[in-house]
Amino acid sequence: MIRLAGPADARGVAAIYDPVVASTAISFEVEPPGETEMERRIEAALSFAPWLVWEEGGSVAGYVYASRHRDRAAYQWSVDVTAYTHEAHRRKGIGRALYLALFELLRFQRFQRAHAGITLPNEASVGFHESVGFRSIGVYPSVGYKLGAWHDVGWWQLPLLDPSPDPPHPLTLPNAQPLPGWQSAYQTAIAKR
């Protein structure tokens, strides 16, 4: 089941994310944030855009969310997106279904472009992002130092809407949720995985 995350999901989200922080350069955080910090992040994110979880058997099997691409006003139509799936649930289409639902909801909010930063090399993440429509737009060479090495970060972009000459401002999550079709986007994404 795909649904909006809530504070009670913080433990499951941290169980997925903390090991990635602790033992890989996939995330550039160096200290696992833990349950309390993840609860704070979920609550903060939901004032802006969706944070979705895939619940399976009462546990969080994966999650995705969107955040501001940059703070300046001209960037307001762009978001950064992130996807993580629990190790035991990878290659089941969960990440794909979550991303497809997120993209549909971001369109309701009138966002134009989604961006994903990927620490390189990471063939699995690159392949996954390209399979849902992202295209490479550039690389920041040696931009992050973690686990004793410098790492490149590649950037991928996904068009969400056709650019218009006078785009309406994006809607906040609370203002977009009452729109017709909002709820059906979840089920559509599950069917497409």
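Just so you know, these numbers come straight off a predicted model, no measurement behind them.

Evaluated as defined, the whole model comprises 13 aromatic pairs. Considering the side-chain rings of Tyr99 and Phe128, the 5.4 Å spacing of their centres and the 5° angle between planes classify their relative orientation as stacked. Note that Tyr99 is positioned in helix α3 (residues 94–108) and Phe128 in helix α4 (residues 123–131), a separation of 29 residues in sequence. The class of Tyr99 is buried, set by a relative accessible area of 0%. The exposure class of Phe128 is partly exposed, given its relative accessible area of 24%. Taken together, the aromatic side chains of Tyr17, Trp51, Tyr63, Tyr65 and Tyr84 make up a single cluster linked through ring pairs.

The next thing to look at is the nonpolar core. Burial of nonpolar side chains together is a common tendency in soluble globular proteins. By size, the foremost hydrophobic cluster in this structure holds 53 residues, and its most contacted members are Trp51, Val81, Phe103, Leu106 and Phe134. For this core, the leading source of residues is α3, giving eleven residues.

Further remarks concern the layout of surface pockets. In this approach a probe as big as a water molecule rolls over the atoms, and the regions it shows empty are the leftover space. Here the largest pocket is characterised by a volume of approximately 1500 Å³. In terms of lining residues, the largest pocket is bounded by 49 residues, among which Ile26, Ala83, Tyr84, Ser125 and His129 are the most central. Looking at the lining of the largest pocket, the elements with two or more residues in it are α1 (10–23), α2 (34–45), β3 (59–68), β4 (78–85), α3, β5 (113–120), α4 and β7 (149–159). In this structure, the second largest pocket occupies an estimated 190 Å³ of space. What lines the second largest pocket is a set of 15 residues, and nearest its centre among them are Phe48, Arg68, Gln76, Phe111 and Pro170. Partitioned by chemical class, the residues of the lining of the second largest pocket number six nonpolar, five polar and four charged.

To continue, consider the pattern of salt bridges. Evaluation of the coordinates by the stated rule reveals seven salt bridges. Note that Arg41 and Glu37 form a salt bridge whose closest N and O atoms lie 2.9 Å from each other. Residue Arg41 and its partner Glu37 are located together in helix α2, separated by four residues, close to a single helical turn. Given a relative accessible area of 24%, Arg41 falls into the partly exposed group.

Rules of the game
Residues numbered from 1 in each chain as written. Predicted model: local features only at pLDDT ≥ 70, side-chain atom pairs only at ≥ 80, totals over all residues. Heavy atoms only, no water. Phe/Tyr/Trp six-rings, centres within 6.5 Å; stacked < 30°, edge-to-face > 60°. Helix = DSSP H or I, 4+ residues; strand = E, 2+ residues; numbered from the N terminus. Buried < 20%, exposed > 50% of the residue type's maximum accessible area, 1.4 Å probe, protein only. Core = buried A, V, L, I, M, F, W, Y, C linked by side-chain atoms within 4.5 Å. 1 Å grid on protein atoms, 1.4 Å probe; cavity = no way out; pocket = protein on both sides within 12 Å on 5 of 7 lines; lining within 4 Å. Points joined across faces, edges and corners; volume = space filled by probe spheres on them. Nonpolar A, V, L, I, M, F, W, Y, C, P; charged D, E, K, R; others polar. Salt bridge = Lys/Arg side-chain N within 4 Å of Asp/Glu carboxyl O.

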